[in-house]
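Tertiary structure, described
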Amino acid sequence: MELSLQMKQTQKLSPQIIQAMEILQMGSQELQEYVDELLLENPVLERKEAEDRAGADELLRKMEWLVGDSRHHAGRSGADSTAMLPVAVQPRTEGLYEHLRDQIEFQKMPVPLRRAVESVLTGLDANGYLEESVEELAHRCGQSKQRVEQALELVQSLEPAGVGASNLAQCLELQLKRCGEQGLALAIVRGHLEDMAKNRYHKIMQKMGASRESVHRACQLIRTLSPKPGAAFAPMELPGTLLPDLMVSEEGGKLLVSVNDAPGPLLRVNAYYRRLLAESDDPQVRDYLAAKMRQADWVVKGIEQRRTTLLRCGQRIAVAQEAFFRKGPGHLKPMTMSDLAVELGVHASTVSRTVRDKYLQCSFGVFPLSYFFSRALSGPEGEEATAEQAKAAIHALIQGEDKCRPLSDQKLCDLLAQQELFLARRTVAKYREAMGIAPAAGRRAY
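Only a predicted model underlies this, so the values are computations on that prediction, with no experimental measurement involved. (Residues numbered from 1 in each chain as written. Predicted model: local features only at pLDDT ≥ 70, side-chain atom pairs only at ≥ 80, totals over all residues. Heavy atoms only, no water.)

Confidence along the chain averages 79 in pLDDT terms, with 83% of residues attaining 70 or more. For the stretch residues 50–54, pLDDT sits under 50, and the model shows 7 contacts to residues farther than four places along the chain or on other chains. Confidence drops under pLDDT 50 across residues 70–93; counting only partners more than four residues distant or on other chains, this segment forms 38 contacts. (pLDDT = per-residue confidence, 0-100. Contact = heavy atoms within 4.5 Å.)

In structure tokens, the structure reads:
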């Protein structure tokens, strides 16, 4: 066995670079939480005072103007606008359980029945369905099966209609009975829901011996019912307000990009601790402060580097997508993260980290930064088209189709090719599903 020495070069990321990469990919909320924790454990860090945030009020003013202008654009562009407006969401405080319990709170009933009713209510899921069987409920609450059935019948008589059902068919049946329907619609719900879901009206006509008009009316009635009667009462977990990281506004005919520092953490190293480090003669104090000072400097530089990189990306996006910011959705141009990385002179992974969980606000609404990146498709006259333009073309074709003979995905491919938009059938299907549009069988009208 022979021992030898070898010299070789290896590349290893320093802790500073790793920390800078982690800060770069943090969203605003995540960065805020990270800074809050850091302020508790590192005494040399502090937030900048209000007078140091001179631009915050100006940025907030721009945000308010953009919100108002985005609502104006949304109203002007109609319901088809894809802009996501930054609106405050007020979660519903009353859940389904509370809503149902309020309806029976003052009803007189025996204690065993009330216990059975309580067991039924606690067994409902967020959509109002009862997941447990009557036997399981009877065992859980220690009541007889007959008592639980009585309690379930009582719950099913409450509002909203359809709660307490064990499946979709029973849910719809309860709603039809509540509105006094005893005819064809009830029969379809009990035995032909799958045919109705796939618009196979001819099969329902054959099995039920009914006319096309009556089947169509019955199916239209069923579609007005709620498949999830409890969903309106489910607690919402949406954030109150979505805060953008970048803002694009227009001043003097030019597009201006700003980093939203208003809600963000502006930090600095406390001057007192810098003096203490320079003047202290205690080795332990100096070692402790030196370590905390290095950590603080890395964090401050990392946040500033994040801000600079984010601003550079935003400025390049504004230049590349100028038509979008002036004309709105439907005017995006093809652009990839690799293209942006080449223009900025950074690695593609840096752009990917910068875009992650970041949002941009403009006069058309609030959009994730990833929204502005898409690969080029073959468009008319050799021009490049985006997925957004392809979706708009598919939507227009489906809107104008004969509903008795809806267009298949392959037919959509052929029609798009006539417009010199060349897509594979599976790509058309993917875009159609992304827009929430059913396949041809589900769009057929009889």
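Back to the text.
Another point: the nonpolar core. In terms of nonpolar packing, the biggest core is built from 24 residues, with Ile317, Phe325, Leu360, Cys362 and Phe372 touching the most fellow members. Listed by contribution, the elements that provide at least two residues to this core are strand 2 (246–251), strand 3 (254–259), helix 14 (283–320), helix 15 (322–327), helix 16 (337–344), helix 17 (348–355) and strand 5 (359–362). Among the elements that take part in this core, helix 14 stands out by supplying 4 residues, more than any other. Core analysis: the second largest hydrophobic core is formed by 23 residues, Leu96, Leu113, Ala116 and Leu158 among them. (Core = buried A, V, L, I, M, F, W, Y, C linked by side-chain atoms within 4.5 Å. Buried < 20%, exposed > 50% of the residue type's maximum accessible area, 1.4 Å probe, protein only. Helix = DSSP H or I, 4+ residues; strand = E, 2+ residues; numbered from the N terminus.)

To continue, consider the packing of aromatic side chains. A complete count under the given rule lists 10 aromatic pairs for this structure. Each ring, one from phenylalanine 324 and one from phenylalanine 325, has its centre 5.3 Å from the other, and the planes form 85 degrees; the classification is edge-to-face. By relative accessible area, which is 0% here, phenylalanine 324 ends up buried. Residue class for phenylalanine 325 comes out buried when judged on its relative accessible area of 4%. Ring centres 5.3 Å apart and planes at 80 degrees place the aromatic pair phenylalanine 324 and phenylalanine 367 in the edge-to-face group. Of this pair, phenylalanine 324 sits in helix 15 while phenylalanine 367 sits in strand 6 (residues 365–368), and the two are 43 residues apart along the sequence. (Phe/Tyr/Trp six-rings, centres within 6.5 Å; stacked < 30°, edge-to-face > 60°.)

A word on the environment of lysine 198. If you trace the backbone, lysine 198 turns up in the loop between helix 10 (193–197) and helix 11 (201–208). Taking the relative accessible area as the measure of exposure, lysine 198 reaches 41% and is therefore partly exposed.

Both strand 2 and strand 3 contribute to a ladder of 6 bridges, which runs antiparallel. Across the sheet, valine 248 pairs through a bridge with valine 257, a residue of strand 3. The turn joining strand 2 and strand 3, which pair antiparallel and follow one another in sequence, is formed by 2 residues; a positive phi near 60 degrees is taken by glycine 252. (Pairing = 2+ DSSP bridges.)

So, about the sheet that holds strand 3. Taken in spatial order, the 4 strands of this open sheet run 3-2-5-6, and their pairing is mixed. Strands with a single pairing partner mark the edges of an open sheet, and in this sheet they are strand 3 and strand 6. Averaged over neighbouring strand pairs, the angle between their axes works out to 25 degrees when direction is ignored. One ladder, built from 4 bridges, connects strand 5 with strand 6; its direction is antiparallel. In the strand pairing of strand 6, leucine 360 is matched with phenylalanine 367. Against the sheet, helix 14 makes contact with strand 2 and strand 3, and its axis sits at roughly 160 degrees relative to strand 3, the strand it touches most. (Axes fitted to C-alpha atoms, helices over the stretch in contact; angles between N-to-C directions.)

In this structure, arginine 426 sits in helix 20 (residues 425–434). Looking at arginine 426, the relative accessible area reads 65%, which means it is exposed. Through-space distance from the C-alpha of arginine 426 to that of cysteine 413 is 9.5 Å; in sequence the pair is 13 residues apart.

It is worth spelling out the environment of leucine 289 at this point. Relative to the helices and strands, leucine 289 is located in helix 14. Among residues more than four places away in sequence, those in contact with leucine 289 are Val44, Tyr273, Leu276 and Leu277.

As a further point, take the packing of helix 9 (residues 184–191) against helix 12 (residues 212–223). Running from amino to carboxyl end, helix 9 crosses helix 12 at an angle of 70 degrees, the nearest separation of the two axes being 9 Å. With respect to their mutual orientation, helix 9 and helix 12 come out roughly perpendicular. Here the hand of the crossing between helix 9 and helix 12 comes out right-handed. Together, Leu184, Ala185, Ile188 and Val189 of helix 9 and Ser214, Val215, Ala218, Cys219, Leu221 and Ile222 of helix 12 make up the contact between the two elements. The residue inventory of the contact of helix 9 with helix 12, partitioned by class, reads 9 nonpolar, 1 polar and no charged. (Parallel < 35°, antiparallel > 145°, perpendicular 65-115°, else oblique. Left-handed = near helix turned anticlockwise from the far one by under 90°. Nonpolar A, V, L, I, M, F, W, Y, C, P; charged D, E, K, R; others polar.)

Quick look at unusual backbone geometry now. With an omega of 5 degrees, the peptide bond between glutamate 159 and proline 160 qualifies as cis. Relative to the helices and strands, proline 160 is located in the loop between helix 7 (145–156) and helix 8 (168–178). Not every positive phi belongs to a glycine, and aspartate 357 is a case in point at roughly 60 degrees. Turning to its location among the elements, aspartate 357 is positioned in the loop between helix 17 and strand 5. The class of aspartate 357 is partly exposed, set by a relative accessible area of 44%.

In this section: the pattern of salt bridges. Considering all chains together, one arrives at 15 salt bridges under this definition. When the shortest N-O distance is used, the salt bridge between glutamate 132 and arginine 140 registers 2.9 Å. Looking at glutamate 132, the relative accessible area reads 25%, which means it is partly exposed. The exposure class of arginine 140 is partly exposed, given its relative accessible area of 40%. When the shortest N-O distance is used, the salt bridge between aspartate 195 and lysine 207 registers 3.2 Å. (Salt bridge = Lys/Arg side-chain N within 4 Å of Asp/Glu carboxyl O.)

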